[in-house]
Amino acid sequence: MMRKTVRFIWAGLSGLACVIATAWATGALYFDLPIAWLRSPLALIYGLATLAVLFLVKGRWRAMGVVAGGFAVVLAWWFTIKPSNEGNWQPDVAQLAWAEVNGDEVTLHNVRNCDYRTETDYTPRWETRAVRISQVTGIDIAINYWGSPWIAHPIVSFQFTDTLPVCFSIETRKQTGQSYSAIRGLYRQFELIYVVADERDVIRVRTNYRHGEEIYLYRTTATPAQARERFHEYLRSLNEIRDHPRWYNAITTNCTTSIRDQHPAAERIPWDWRILLNGKGDELMFERHTIVTAGLPFSELKARSLIDQRANAADAASNFSELIRIGLPLSENKNKKTP
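Residues numbered from 1 in each chain as written. Predicted model: local features only at pLDDT ≥ 70, side-chain atom pairs only at ≥ 80, totals over all residues. Heavy atoms only, no water.

Along its 19 residues, helix α3 (residues 60-78) runs 27 Å from first to last C-alpha, staying within 8% of the 27 Å computed at 1.5 Å per residue. Those residues of α3 that sit buried are Ala 63, Met 64, Val 67, Val 74 and Trp 78. All buried residues of α3 fall inside an arc of 95° around its axis, so they share one side. Of the exposed residues in α3, those oriented more than 90 degrees away from the buried face are Arg 62 and Val 73. (Helix = DSSP H or I, 4+ residues; strand = E, 2+ residues; numbered from the N terminus. Expected span 1.5 Å × (residues − 1). Buried < 20%, exposed > 50% of the residue type's maximum accessible area, 1.4 Å probe, protein only. Arc of directions from axis to C-beta.)

Shown next as structure tokens:
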């Protein structure tokens, strides 16, 4: 009886895997096939033929073997599709940031600092900024929500003693006419880009010009030495993508997994489901003591970390970064009561 039960479960799981593989491969043909007019008919033929094999071929394992073989062929072809830094890019991702590192001195090229009038009406502006690694003092992280509380976008902001913060936002590099789709994000539809930007750009466009978005800003507990190590990691990743373009993937290579993967393997944080459902990422960081809490419970910390109203009031002020941090728990000692 036990053996039959195990075989039944194994057959069920194998069948489910075949259905999922067929669905993914059908989508790969539909979205990624380079010949546009062939996409729909070939995807339809592949999907129907594979399902017919599953239900009509005699012998369960033989049918699954045929399906697995077909999936392997599609997967092998799919891996031949290479990303490129050449394209008709949307203006806000038209330039790739890169860094020149000369000891302590870093020159950041193509730092985005657009002049916004609305979310879609703006003057692209790209700057060159010089910073010193020795002046990095810490890391703040902005968590951006635009709908579901389960999914968010992290923006990492490095703080300096002698200059404005520098933000890194890992995003899809969309071509003109493209819009983000979670389904398309499972395929080879978007290249990955590290947007390096001023906070008045990458944070303000989300709080002041996009409707229905919220940003929560936290100070991490990274020491200056740790923050400088992380800054080096971002610079390496920045230049690697410039030389070797990379695909975005909604599951494996997204705005959150890319942050984790750029750490040396031995130093990566343990995997947690909230890395994938990153809307709960701040809760994970709270539990692992990687953000400053000032002794507050998580619910109160999060409520106090919402910066949309302050960002709207600050708008284009030159001290935008200072104004959005007023009242935030930025130190473990700052908000504790004196006995």
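The subject of this paragraph is the pairing of strand β8 (residues 166-173). Counting buried positions over the eight residues of β8 gives eight, a clear majority of the element. Direction of pairing for strand β7 (residues 153-160) relative to β8: antiparallel, over a ladder of three bridges. Counted as the bridge partner of Phe 158 is Val 166 from β8. Connecting β7 to the antiparallel partner β8 that follows it, the hairpin turn spans five residues. (Pairing = 2+ DSSP bridges.)

With that out of the way, let us pick up the packing of aromatic side chains. Enumeration according to the criterion identifies 21 aromatic pairs in this entry. On the numbers, 6.1 Å between centres and 80° between planes, the contact of Phe 168 with Phe 231 is edge-to-face. Pair noted here: Phe 168 is in strand β8 and Phe 231 is in helix α6 (residues 224-243), with a separation of 63 residues, a long-range link. Comparing Phe 168 with Phe 231, the two get one shared label, buried. Ring geometry for Tyr 180 and Tyr 248: centres 6.0 Å apart, planes at 85°, overall edge-to-face. Within this pair, whereas Tyr 180 is found in the loop between β8 and β9 (191-197), its partner Tyr 248 is found in the loop between α6 and α7 (257-261), the two being separated by 68 residues in sequence. Classification of Tyr 180 as partly exposed rests on a relative accessible area of 40%. Here the basic side chain of Arg 188 rests over the ring of Trp 78, its NZ or CZ set 4.1 Å away from the ring centre. For Lys 302, the ring lying beneath its charged end belongs to Tyr 216, and the centroid distance is 5.0 Å. (Phe/Tyr/Trp six-rings, centres within 6.5 Å; stacked < 30°, edge-to-face > 60°. Lys NZ or Arg CZ within 6 Å of the ring centre and 35° of its normal.)

This part covers a nonpolar patch on the surface. A cluster of nonpolar side chains, contributed by Trp 146, Trp 150, Ile 151, Ile 251, Trp 271, Trp 273, Leu 276 and Leu 277, occupies part of the molecular surface with about 790 Å² of accessible area. Tracing the chain through its elements places Leu 276 in helix α8 (residues 273-276). A relative accessible area of 35% means that Leu 276 is categorised as partly exposed. (Patch = residues over 30% accessible without salt bridge, like charges linked within 9 Å, V, L, I, M, F, W, Y side chains within 5 Å. Areas by Shrake-Rupley, 256 points an atom, 1.4 Å probe, with all protein chains shown as cover. Salt bridge = Lys/Arg side-chain N within 4 Å of Asp/Glu carboxyl O.)

Bringing the pattern of salt bridges into the picture now. Scanning all chains against the criterion turns up 24 salt bridges. Of the charged contacts, one joins Arg 129 and Asp 198 as a salt bridge, the two residues approaching to 2.7 Å between their closest N and O atoms. Within this pair, whereas Arg 129 is found in strand β5 (residues 126-132), its partner Asp 198 is found in the loop between β9 and α4 (199-202), the two being separated by 69 residues in sequence. Notably, a salt bridge pairs Asp 282 with Lys 302, separated by 3.0 Å at the nearest N-O pair. With a gap of 20 residues between them, Asp 282 in helix α9 (residues 281-287) and Lys 302 in helix α10 (residues 298-305) connect regions that are remote in the sequence. Both residues of the pair, Asp 282 and Lys 302, belong to the buried class. Through salt bridges that share partners, Arg 125, Glu 127, Arg 129, Asp 198 and Arg 200 make up one connected network.

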